[in-house]
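Structural characterization, general
The residues making up each chain are set out below.
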Amino acid sequence: MLHVYRLENPIPIPALKTLNTYLIPCGDRTLVIDPGMTVESASTVLEKIREEGLPGTITVLLTHFHVDHVAATPYLDPEEVYMHEADRNHVIRMVDEWPRALESMEDLFLKAGMPHGEASLLGKKHPAMSRIDVFRKLRNMGPRQAPPKLTVGSCELEIIHTPGHTPGSISIHIGGGRWIVGDTVLGDITPNIALINWETDPLGDYLGSLQRLLRVEPRIMYPGHRSVIGDPEERIKELILHHERRLREIIDILSSSPVQLNAYQIASRMTWDVAYSDWSDFPLSQKYFAVAEALSHLKYLVVRGLAGLSTRNGVYYFKPLV
Ligand SMILES: [Zn+2]
Ligand SMILES: [Zn+2]
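Residues numbered from 1 in each chain as written. Chains lettered and ligands numbered in written order. Predicted model: local features only at pLDDT ≥ 70, side-chain atom pairs only at ≥ 80, totals over all residues.

**Thoughts on the environment of His243**
Just so we agree on the cut-off: What counts as a helix is a DSSP run of H or I of at least four residues, what counts as a strand is a run of E of at least two, and both are numbered from the N terminus. Each residue is represented by a C-beta atom placed from its backbone, and any two residues with such atoms within 7 Å are regarded as in contact.
Along the chain, the position of His243 falls in helix H9 (residues 232–255). Spatially, the C-alpha atoms of His243 and Ile193 are 9.8 Å apart, while their sequence positions differ by 50 residues. Residue contacts for His243: discarding those within four places in its chain leaves Leu203 and Leu207.

**Concerning the packing of H9 against helix H11 (residues 284–303)**
Helix-helix packing: each pair is described by the crossing angle between the helix axes and the interaxial distance. The cut-off we apply is this: Each axis is a line fitted through C-alpha atoms, and for a helix only the stretch in contact is used; angles between axes span 0 to 180 degrees, taken between their N-to-C directions. For this classification, under 35 degrees means roughly parallel, over 145 means roughly antiparallel, 65 to 115 means roughly perpendicular, and everything else is oblique. Each residue receives one of three labels: charged for Asp, Glu, Lys and Arg, nonpolar for Ala, Val, Leu, Ile, Met, Phe, Trp, Tyr, Cys and Pro, and polar for the others, Gly being one of them.
Direction vectors running N to C along H9 and H11 enclose 80°, while the axes themselves pass 10 Å from each other. Taken together, the axes of H9 and H11 lie roughly perpendicular to each other. Residues Arg246, Leu247 and Ile250 of H9 form the contact with H11, whose own contacting residues are His297, Leu298, Tyr300 and Leu301. Here the residues of the contact of H9 with H11 are counted per class, giving five nonpolar, one polar and one charged.

**Topic: the pairing of strand E11 (residues 220–223)**
The cut-off we apply is this: For two strands to be treated as a pair, DSSP must find no fewer than two bridges joining them. Seen with its strands pointing away from the viewer, a crossover is right-handed if its path from the first strand over the helix to the second goes clockwise.
The sheet contact formed by strand E10 (residues 178–182) and E11 spans four bridges and is parallel. When the bridges of E11 are listed, Trp179 appears paired with Met221. Note on the crossover from E10 through helix H8 (residues 202–215) to E11: the handedness is right-handed.

**Quick notes on the sheet that holds strand E2 (residues 18–26)**
If you trace the six strands from one edge of the open sheet to the other, you get E1-E2-E3-E4-E5-E6, paired in mixed fashion. Two strands in the sheet have a free side with no partner beyond their single neighbour: strand E1 (5–10) and strand E6 (144–145). Inspection of the sheet shows strand E5 (residues 80–83) paired to E6 by two bridges, in the parallel sense. Looking at the pairing, Tyr82 lines up with Arg144 of E6. Here helix H1 (residues 39–51) sits on the sheet in contact with E1, E2 and strand E3 (29–33), set at roughly 150° to E1.

**Some thoughts on the pairing of E2**
Stated precisely, the cut-off is as follows: Neighbour counting defines burial: a residue surrounded by 20 or more other C-beta atoms within 10 Å of its own C-beta is buried, one with 12 or fewer is exposed, and intermediate counts give partly exposed, using backbone-placed C-beta atoms.
Counted residue by residue, E2 has eight buried out of nine residues, so it is predominantly covered. Direction of pairing for E2 relative to E3: antiparallel, over a ladder of five bridges. Paired with Leu23 across the strands is Val32, a residue of E3. Between the antiparallel neighbours E2 and E3 lie two residues, among them Gly27 with a positive phi of about 70°.

**Considering the sheet that holds strand E8 (residues 155–161)**
The five strands lie next to each other as E7-E8-E9-E10-E11, forming an open sheet whose pairing is mixed. What marks the edges here is a single partner per strand, and that holds for strand E7 (149–152) and E11. Direction aside, neighbouring strands of the sheet carry axes that sit 30° apart on average. As paired elements, E7 and E8 share four bridges and run antiparallel to each other. Its bridge partner lying in E8, Leu150 is registered against Leu157.

**Some points on the nonpolar core**
One recurring pattern in soluble globular proteins is that nonpolar side chains are buried together. To keep it simple, the criterion reads: By definition, a nonpolar core groups buried Ala, Val, Leu, Ile, Met, Phe, Trp, Tyr and Cys residues that connect through C-beta atoms lying within 7 Å of each other.
The biggest cluster of nonpolar side chains holds 81 residues, and the ones touching the most others in it are Ala112, Ala263, Val291 and Leu298. Here this core takes nine residues from H11, the largest share from any one element. Contact partners of Ala263, with chain neighbours within four places excluded, come to Ala112, Gly113, Val291, Ala294, Leu295, Leu298 and Tyr316.

**What about unusual backbone geometry?**
A negative phi holds for most residues other than glycine; trans holds for most peptide bonds. Cis geometry marks the peptide bond from Trp98 to Pro99, where omega comes out at 5°. Considering the arrangement of structural elements, one finds Pro99 in the loop between helix H3 (85–96) and helix H4 (100–111). With a phi angle near 50°, Asp77 is a residue other than glycine that sits in the positive phi range. Looking at the secondary structure, you find Asp77 in the loop between helix H2 (67–70) and E5. The partly exposed category is assigned to Asp77, around which 13 C-beta atoms lie within 10 Å. Located in the positive-phi region is Asn313, a residue other than glycine, with phi close to 50°. Considering the arrangement of structural elements, one finds Asn313 in the loop between strand E12 (307–312) and strand E13 (315–320). Note on Asn313: 6 C-beta atoms within 10 Å, which makes it exposed.

**Some remarks on the packing of H3 against helix H7 (residues 132–140)**
Just so we agree on the cut-off: Crossing handedness follows the turn of the near helix against the far one: under a right angle anticlockwise gives a left-handed crossing, and clockwise gives a right-handed one.
It is the contact of H3 with H7, at a shortest axis distance of 9 Å, that shows an interaxial angle of 115°. For the crossing formed where H3 meets H7, the hand is left-handed. Two secondary-structure elements touch here, H3 through Val91, Ile92, Met94 and Val95 and H7 through Ile132, Phe135, Arg136, Leu138 and Arg139. Here the residues of the contact of H3 with H7 are counted per class, giving seven nonpolar, no polar and two charged.

**Describing H11**
Along an α-helix, a turn takes 3.6 residues, which lines up residues three or four apart on a common side. Spelled out, the test is: Expected span of a helix: the number of residues minus one, times 1.5 Å.
The end-to-end C-alpha separation of H11 is 28 Å, in line with the 28 Å expected for 20 residues at 1.5 Å each. Counting buried residues in H11 gives 14 out of 20 residues, a clear majority hidden from the surface.

**Things to note about the domain arrangement of the protein chain**
Let me state the cut-off plainly: Start and end points for every domain follow an automatic or database-based domain assignment.
Under the domain assignment, the protein chain is made up of domain 1 (5–238) and domain 2 (248–320). A C-alpha centroid distance of 26 Å is found between domain 1 and domain 2. Broken down by secondary-structure element, the contributors of at least two residues to the side of domain 1 that touches domain 2 are H4, helix H6 (122–125) and H8. Considered class by class, the residues forming the side of domain 1 that touches domain 2 number 14 nonpolar, four polar and four charged.

This is how it looks when you write it as structure tokens:
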């Protein structure tokens, strides 16, 4: 049975405060899952390795490409870095096609009905799009594809693809029904399901991933933030229910409107678990999250014939079909 250390690693995101970094001794090396966000995150990891007398040779495995999980990776000077092919390709494309990747995201937010002044600040205010430096460093480290069966030193890990939160999110079985799940399942936060490319269906992917996780009958889940989840089945079912309610809420918003609405207008009318009572008070980064989350639900409805889409002046407008 693999031994796992959970490290509450401080990160400079006030809403989250910490990231869970997991350390697993694997014979002659230490496996570090999600090193964190800053130089300080890396120091915290290295200190823990020294304190526990773990091997100094490091292999990094990333549950997904988000900045709070990956940015500290170069500072650990790992021998190898693994991530899922889909997230690896996403990072490579973003870097190699910069700034086209930024422009296509701006374009999507404009199609969502976001005012030009807000969409044009993506490169400065979006948590990922403003950190291309992080992705450049990660890309230069030559991350490898994490295969379904990954051997690291003496550790054998089973990896399943659980897309939705990102295209290449993974869940890692470390034996005994124990799963390290990144941000796919969180205990007291609802994972953000963002659509950032209209050709994709992240919510459909995500609900499929939750079903997949139910089928493996997890006993305990180690999430990317906050506490360990002792009853994963119950939490997964809550998340499924949350999105069903969200879809219903959007259909209700569409049905009660005399005119067709765009994603930006819909996001402004949805209920958000945030400290701001009014949409106009949302910081831009929160608006980006909210609009991308509204888009993932709208795309889900459109794909399944539950909402209709028409384009007017380059903006997508939606109507209910149920
Ligand atoms: Zn994430
Ligand atoms: Zn995270």
